[in-house]
Amino acid sequence: MQEKVLILDFGSQFTQLIARRIRELNIYCEIHPYNSTKFDADNFKAVILSGSPSSVNSDDAPQPDLSKIKGKKPLLGVCYGAQYLVHFYGGKVGASSTREYGRAKLTHINNHRGLFNNINEGSQVWMSHSDTILELPNHYRSIASTEDVENAAFKIEREDTFAIQFHPEVYHTTDGKQLLENFLVNIAKVEQSWTPDSFVDSTVSKLKQQLGNDKVVLGLSGGVDSTVAAVLLDRAIGKNLYCIFVNNGLLRKNEFTDVLDQYEHMGLNVKGVDASARFLKALEGISEPELKRKAIGGTFIEVFDDEAHHIEDVRWLAQGTIYPDVIESVSVNGGPSATIKSHHNVGGLPDFMKLKVVEPLRMIFKDEVRRVGKSLEIDSSLLGRHPFPGPGLGIRILGDVTAEKVRILQEVDAIFVNGLKKWNLYNDVWQAGAMLLPVNSVGVMGDERTYEKVVALRAVSSTDGMTADWVNLPYEFLQETSNKIINKVKGVNRVVYDISSKPPATIEWE
């Protein structure tokens, strides 16, 4: 049985990062809201308490039930988790007299054989809190400090309970991964057996048991998630998997035929449906971004439902849902998260079609999906594809969408993306694309004045899309790309490059 780690979430923006760092250690973990009743602590080998935007001194401070955890299982409190273990067990937490946000250096480490094994004094950590631990309860022992924080880390005597006031999960804590390894592997003795191969074996086995001889329908998008989900299902149920790849008319140039050809060479049971005209009709006259998303999503549901009805006795809908989607769907207060996107490819589809849902990837992150895909021997060109928004070019054409605008943007996008590949820049970029702006600009071609479209090129680096930096592409590449676009794409006379980071900007323009 797979050993696993429980992360109790108090609403921290960094909780997903804790899980990802743990998964990098080949250890399986799950995130649950601190007040959830959907888990049994007895089933977990160790527990981590996350940070939180809340203060332990507030009237509505999150208060988990740790009766089955503290003193019984290895426990690590992070930031709010550390302060909780002090405030509610006889210590004192109060507002800090100095700023405790950003980089700091560890001092006075006295637990070199435990939590701080192979971590030296002077190691950089990342602080992010306004409260601080003023007094430790009895039987609590400080094991590390920083210049401004006396109790940067502590241990409870006669328990495998540790706590830190900094965030080991963020990039700026240089030895954060080592600290998590010390706690989970050396102290909690959790097995490092969570690998792509083990995930494939266990998932295929579970799918066989869950689905039996039932038929399953899956909407392929050409992206990594749906592709990996399809291959896992194909291994489990073979011919009983029916894949539908819909061309919404908003894909990249030649993408429908190219990706469909790739799928068929993989041996998947795929039907391609060209519904371009239907989607463009639904988008006529719509300029507002949210309405465009709804029009695209609604039309997808209709097209997908029409095609699914051609399959007799289909009982399941497969989705490429991944773990961030699951986490973000429930807040620590049990309500829906504000981060759910209304243009999710199959949002609302299960209720509409009255099918049961199967989600093979719902417990893994994006980077893990790619590693699983590699284990499944999926072509690297598919696994390495940049993320592409569900509504496609519909939200990269600012304003209303027409067939002519789609043609222009497809040509521009193809020149840009193919250029990145030619210059060996594609793999240095997390996501790239072009935006067609709703403005014309004056230009000169030959001896004639032009008044044509403006396009913006966008290339960002990121790990998960939550934050992103613009990529400093070579001037020579941008010069060549701009010249090709203006010379070869009729209707465009000006090219600009977007140098905004997220935040404050978003990756897409709509």
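Now for a look at the structure at hand. Quantities reported herein were computed from a predicted structural model and do not represent experimental measurements.

Thoughts on the overall build of the chain
No. 1: Regarding its fold elements, the chain presents 14 helices and 20 strands.
No. 2: Its C-alpha atoms give the chain a radius of gyration of 26 Å, within 12% of the compact-globule value 24 Å for 510 residues.
No. 3: Structurally, the chain occupies a C-alpha span of about 80 × 60 × 40 Å along its principal axes.
No. 4: Intrachain contacts of the chain at a sequence separation of at least 6 include 74% that bridge at least 24 residues.
No. 5: Positive and negative side-chain charges in the chain, numbering 56 and 65 respectively, have mean positions lying 1 Å apart.

Thoughts on the sheet that holds strand S15 (residues 314-318)
No. 1: What the 5 strands build is an open sheet, ordered S14-S13-S12-S15-S16; its pairing is parallel. At either margin of the open sheet sits one strand with a lone partner, and together these are strand S14 (270-274) and strand S16 (356-358). Ignoring strand direction, the axes of neighbouring strands in this sheet form an average angle of 30 degrees.
No. 2: Note: strand S12 (residues 215-220) against S15, 4 bridges, orientation parallel. Pairing of Val-217 across the sheet is with Leu-317, part of S15.

Re the nonpolar core
No. 1: Counting residues in each nonpolar core, the largest one holds 47 residues, and the members touching the most others are Val-217, Val-412, Phe-416, Leu-420, Leu-473 and Ile-485.
No. 2: Per-element tally for this core: the top contributor is helix H13 (residues 403-422), with 8 residues.
No. 3: Val-217 has contacts with Tyr-242, Ile-244, Phe-304, Ile-311, Val-314, Trp-316, Leu-317, Ala-318 and Leu-355, leaving out every residue within four places of it along the chain.
No. 4: Membership of the second largest hydrophobic core comes to 42 residues, among which are Ala-153, Leu-179, Ile-187 and Ala-188.

Remarks on the pairing of strand S3 (residues 46-49)
No. 1: Residue alternation in S3 divides its side chains into two sets, Ala-46 and Ile-48 and Val-47 and Leu-49, and both sets are buried.
No. 2: Judged from the 4 bridges that link them, strand S1 (residues 4-9) and S3 form a sheet pairing that is parallel. Bridging across to S3, Ile-7 finds its partner in Ile-48.
No. 3: Taken together, the 3 bridges between S3 and strand S4 (residues 75-78) define a ladder with parallel strand orientation. If you follow Ile-48 over to S4, its bridge partner there is Leu-76.

Thoughts on the packing of helix H4 (residues 196-211) against helix H11 (residues 366-375)
No. 1: Interaxial distance between H4 and H11 falls to 9 Å at its minimum, and their mutual angle equals 80 degrees. By the angle between their directions, the pair H4 and H11 is classed as roughly perpendicular. Residue-level inspection shows Pro-196, Asp-197, Phe-199 and Val-200 of H4 in contact with H11, the latter providing Arg-371, Val-372 and Ser-375.
No. 2: Of the residues assigned to the contact of H4 with H11, the class counts are 4 nonpolar, 1 polar and 2 charged.

Quick notes on the packing of aromatic side chains
Each aromatic ring pair is described using two quantities: the centre-to-centre distance and the angle formed by the ring planes.
No. 1: One pass over the structure, following the stated rule, counts 16 aromatic pairs.
No. 2: The interplanar angle of 35 degrees and the centroid separation of 4.7 Å between the aromatic rings of Tyr-84 and Phe-88 together place this pair among those described as tilted.
No. 3: Ring centres of Tyr-84 and Tyr-89 lie 6.3 Å apart, and the angle between their planes is 75 degrees; this geometry places the pair in the edge-to-face category.
No. 4: Judged by relative accessible area, which is 5%, Tyr-84 ranks as buried.
No. 5: The residue whose ring lies beneath Lys-70 is Tyr-89, and the NZ or CZ to ring-centre distance is 4.7 Å.
No. 6: Stacked on the ring of Tyr-426, the Lys or Arg Lys-421 has its end atom at 5.1 Å from the ring centre.

Comments concerning the pattern of salt bridges
No. 1: The final tally for this structure, using the stated rule, is 24 salt bridges.
No. 2: Of the charged contacts, one joins Arg-21 and Glu-24 as a salt bridge, the two residues approaching to 3.3 Å between their closest N and O atoms. With a gap of 3 residues between them, Arg-21 and Glu-24 both fall in helix H1 (residues 15-24), about one helical turn apart.
No. 3: In this structure, Arg-396 engages Glu-508 in a salt bridge whose closest nitrogen and oxygen atoms are separated by 2.8 Å. Here Arg-396 is found in the loop between helix H12 (380-383) and H13, whereas its partner Glu-508 is found in the segment after strand S20 (492-497), with 112 residues between them in sequence.
No. 4: Classification of Arg-396 by relative accessible area gives buried; the value is 1%.
No. 5: One continuous salt-bridge network, built from bridges that share partners, spans Arg-278, Glu-302 and Asp-306.

What counts, and where the lines are drawn
- Residues numbered from 1 in each chain as written.
- Predicted model: local features only at pLDDT ≥ 70, side-chain atom pairs only at ≥ 80, totals over all residues.
- Heavy atoms only, no water.
- Helix = DSSP H or I, 4+ residues; strand = E, 2+ residues; numbered from the N terminus.
- Rg over C-alpha atoms; globule rule 2.2 N^0.38 Å.
- Contact = heavy atoms within 4.5 Å.
- Lys, Arg positive; Asp, Glu negative; His and termini not counted.
- Charge placed at Lys NZ, Arg CZ, Asp CG, Glu CD.
- Pairing = 2+ DSSP bridges.
- Axes fitted to C-alpha atoms, helices over the stretch in contact; angles between N-to-C directions.
- Core = buried A, V, L, I, M, F, W, Y, C linked by side-chain atoms within 4.5 Å.
- Buried < 20%, exposed > 50% of the residue type's maximum accessible area, 1.4 Å probe, protein only.
- Parallel < 35°, antiparallel > 145°, perpendicular 65-115°, else oblique.
- Nonpolar A, V, L, I, M, F, W, Y, C, P; charged D, E, K, R; others polar.
- Phe/Tyr/Trp six-rings, centres within 6.5 Å; stacked < 30°, edge-to-face > 60°.
- Lys NZ or Arg CZ within 6 Å of the ring centre and 35° of its normal.
- Salt bridge = Lys/Arg side-chain N within 4 Å of Asp/Glu carboxyl O.

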